Amino acid sequence: MKHALQMLCHLLDRLVTRGLWLGLAVCCFNSASFAASASNAAKAPKTPASPQQALEASVKDWVAQSRKVPVEQVALAPLDTRVKVRSCDKALTMDQPFASPETVRVRCPQPVWQQYVSVRVAGKTPEPVAQAPRDKPAEPAKRWVLVASVPLQRGMTLNETHVQRVQVDTSGMPVNVLEQASEVLHAEVVRDVRPGVPLRSHDIRPTVLVKRGQMVLLSVGQAQGFQISARVEAMQDGRFGEQIRLKNRDSGRELSGRVQGPNQVMGL
């Protein structure tokens, strides 16, 4: 009888020990699974920012660094809803071309475009402009801008003969006025503009230089060095600076290129 009780106690001890080890194994497995899930969530790719969000973030960082303030203190005025911010293949550059520190010019080197943004830094006000002596009134600030030299109609493709640079008073002048004739190259007018009226960035857009189904000249290489050219078919319309699909009719091979001029594409 005593021997049977000893065997029963020994069996119970083994069962309890196995239960503890099984519980420990389950706990370790759950901890490892939770850690792996957290690691995978941390490595999950973030949703890419839109071109407008990228522009706004770049402007805030630039203003915060140049004026030595926290980025949280920098606020941007809402952009014109009629203006669609395009993506930029290279890093945006910023400067302040006017006397007012509240206007920032954003430039994209490729494809070429620019946008003016109004900014405000919380807790800081622009430095007051020194007043001229009362016996001599202050002269208004002048600025070179681009104006229409002839009546411009919607859909017209522009060149240097359609515009001219004039020096005007900056008071009441919009911040998105064009300044150089090069800014209207390969562009078309999206609304009618009277002669003498300053051209703004949203008055023009890149014109269609390549049309679908046309044969275009594809160049590969450097213009100053070794370069190969071939005639290929455009598979879609393209404006200046846009990337389009092309097709070699002889081989049937499809490739891509960037529009550089009328029926001219540079290979990628």
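Everything below is about the structure printed above this text.
Cut-offs and rules
- Residues numbered from 1 in each chain as written.
- Predicted model: local features only at pLDDT ≥ 70, side-chain atom pairs only at ≥ 80, totals over all residues.
- Heavy atoms only, no water.
- Helix = DSSP H or I, 4+ residues; strand = E, 2+ residues; numbered from the N terminus.
- Buried < 20%, exposed > 50% of the residue type's maximum accessible area, 1.4 Å probe, protein only.
- Areas by Shrake-Rupley, 256 points an atom, 1.4 Å probe, with all protein chains shown as cover.
- Disulfide = S-S within 2.5 Å.
- Core = buried A, V, L, I, M, F, W, Y, C linked by side-chain atoms within 4.5 Å.
- Pairing = 2+ DSSP bridges.
- Salt bridge = Lys/Arg side-chain N within 4 Å of Asp/Glu carboxyl O.

A. Quick look at the overall build of the chain. Looking only at helices and strands, the chain features two helices and 15 strands. Looking at the chain as a whole, 24% of its 268 residues are labelled buried. As presented, the chain carries roughly 18,400 Å² of accessible surface, and 55% of it is formed by carbon and sulfur atoms.

B. How the structure looks around the state of the cysteines. All chains considered together, the criterion is met by one disulfide. Cys-88 shares a disulfide with Cys-108; S-S distance 2.0 Å. The S-S bond linking Cys-88 to Cys-108 shows a torsion near 95°; that makes this disulfide right-handed. Of the two residues, Cys-88 sits in the loop between strand E1 (74–76) and strand E2 (93–95) while Cys-108 sits in strand E3 (residues 103–109), which places them 20 residues apart along the sequence. Residue Cys-88 is classed as partly exposed on the basis of its relative accessible area, which comes to 23%.

C. Local environment of the nonpolar core. Counting 16 residues, the largest nonpolar core has Leu-55, Val-59, Val-63, Val-104 and Val-106 as its most contacted members. Secondary structure elements with two or more residues in this core: helix H2 (51–67), E3 and strand E4 (112–121). Leu-152, Val-189, Val-193 and Ile-204 belong to the second largest nonpolar core, which has twelve residues in total.

D. The pairing of strand E11 (residues 227–234), seen in detail. Judged from the seven bridges that link them, strand E10 (residues 215–221) and E11 form a sheet pairing that is antiparallel. By the bridge assignment for E11, Val-216 is matched with Val-232. Here E11 runs beside strand E13 (residues 243–247); their pairing, made up of two bridges, is antiparallel. Pairing of Glu-233 across the sheet is with Lys-247, part of E13.

E. Spotlight on the pattern of salt bridges. Scanning the model with the defined rule gives eight salt bridges in all. Put simply, Glu-179 and Arg-105 hold a salt bridge, and the shortest N to O gap is 3.0 Å. Note that Glu-179 is positioned in the loop between strand E6 (163–169) and strand E7 (187–189) and Arg-105 in strand E3, a separation of 74 residues in sequence. Residues Glu-179 and Arg-105 agree in their burial class; the two are buried. Salt-bridge contacts for Arg-200 lead to Asp-203; the nearest nitrogen and oxygen are separated by 3.5 Å.

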